[in-house]
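Geometric and topological summary
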Amino acid sequence: MGPRLQDAPAFKGYSPDEDRPLGGYVTVMSVYAALTGTFAAWFAASQRQLPDRMAPGDMALLAVATHKSARMLTKDKVTAPVRAPFTEFEEDAELPGEVSESVRGSGLRRSLGELLVCPYCLSLWIATAMAAGFLVAPRLTRQVTSVLTAVFGADLLQLAYREAAE
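Residues numbered from 1 in each chain as written. Predicted model: local features only at pLDDT ≥ 70, side-chain atom pairs only at ≥ 80, totals over all residues. Heavy atoms only, no water.

What follows concerns a nonpolar patch on the surface. Taken together, Leu95, Leu156 and Leu159 make up a surface patch of nonpolar side chains, about 230 Å² in accessible area. Topologically, leucine 95 is positioned in the loop between strand E1 (87-92) and strand E2 (99-103). (Patch = residues over 30% accessible without salt bridge, like charges linked within 9 Å, V, L, I, M, F, W, Y side chains within 5 Å. Areas by Shrake-Rupley, 256 points an atom, 1.4 Å probe, with all protein chains shown as cover. Salt bridge = Lys/Arg side-chain N within 4 Å of Asp/Glu carboxyl O. Helix = DSSP H or I, 4+ residues; strand = E, 2+ residues; numbered from the N terminus.)

Another point: the side chain of lysine 68. Looking at where lysine 68 falls in the secondary structure, it is placed in helix H2 (residues 56-75). Setting aside residues up to four positions removed in sequence, lysine 68 forms contacts with Leu148, Val151, Phe152 and Asp155. (Contact = heavy atoms within 4.5 Å.)

This paragraph deals with the pattern of salt bridges. In a structure, side chains of opposite charge can pair up when their charged atoms sit close to one another. Applying the stated criterion across every chain, the model contains 6 salt bridges. Salt-bridge contacts for arginine 83 lead to glutamate 101; the nearest nitrogen and oxygen are separated by 2.4 Å. You can see arginine 83 sitting in helix H3 (residues 80-83) and its partner glutamate 101 sitting in strand E2, a full 18 residues away along the chain. With respect to burial, arginine 83 and glutamate 101 carry one shared label: buried. For glutamate 114, the salt bridge goes to arginine 110, with nearest N and O atoms at 3.1 Å. With glutamate 114 and arginine 110 both in helix H4 (residues 107-116), this residue pair falls 4 residues apart, about one helical turn. In this structure, glutamate 114 and arginine 110 share a single accessibility class: buried. (Buried < 20%, exposed > 50% of the residue type's maximum accessible area, 1.4 Å probe, protein only.)

Taken as a whole and judged by the stated rule, the model has 1 disulfide. Here cysteine 118 is linked by a disulfide to cysteine 121, with a sulfur-sulfur distance of 2.4 Å. With the S-S dihedral at roughly 70°, the linkage between cysteine 118 and cysteine 121 falls on the right-handed side. Look at cysteine 121 and you get partly exposed, because its relative accessible area is 38%. (Disulfide = S-S within 2.5 Å.)

Quick look at the environment of alanine 8 now. If you trace the backbone, alanine 8 turns up in the segment before helix H1 (22-45). On the accessibility criterion, alanine 8 (25% relative accessible area) is partly exposed. Residues alanine 8 and serine 30 lie 22 residues apart in sequence; the distance between their C-alpha atoms is 19 Å.

For the pair H1 and H4, interaxial distance at closest approach is 7 Å and the crossing angle is 60°. Relative to H4, the element H1 is oriented oblique. Relative to H4, the crossing made by H1 is right-handed. Only Gly107, Leu108, Ser111, Leu112, Glu114 and Leu115 of H4 make contact with H1, whose side of the interface consists of Gly24, Tyr25, Thr27 and Val28. Here the residues of the contact of H1 with H4 sort into 5 nonpolar, 4 polar and 1 charged. (Axes fitted to C-alpha atoms, helices over the stretch in contact; angles between N-to-C directions. Parallel < 35°, antiparallel > 145°, perpendicular 65-115°, else oblique. Left-handed = near helix turned anticlockwise from the far one by under 90°. Nonpolar A, V, L, I, M, F, W, Y, C, P; charged D, E, K, R; others polar.)

In structure tokens form, the structure reads like this:
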């Protein structure tokens, strides 16, 4: 195995008390940049017109659907098989249907684990994909984001009902 990025002189001392997979982070960021760059190049070559702005209703759908998708992918019990190669189960979380997990492994495996347990981190990837969907398949994307928004609303009602019943 070659030298690690965090061992390079410029990165020495960045995180002296904890090993951070900086090389894995660079890989993850590079994949994101490559995917978004490829989409942007394809979009430009397709001669499609970029709208001046996103409609407020679509922006609201995008925000709520991004939140719900990120929560589902990073916390739901049923999506654990996606995270399992990169994480370790700790306990059931406070919110119904959610779990707490910690990342495992090192290097790229650890970096992917950190992405997959962090709803804030994964939100950028999800929002970018959904925003691209609004550009190339707006009707389908509205349907998908509407369903995710309805599920989020149902979650809020379930939590309110539970609170009222206690």
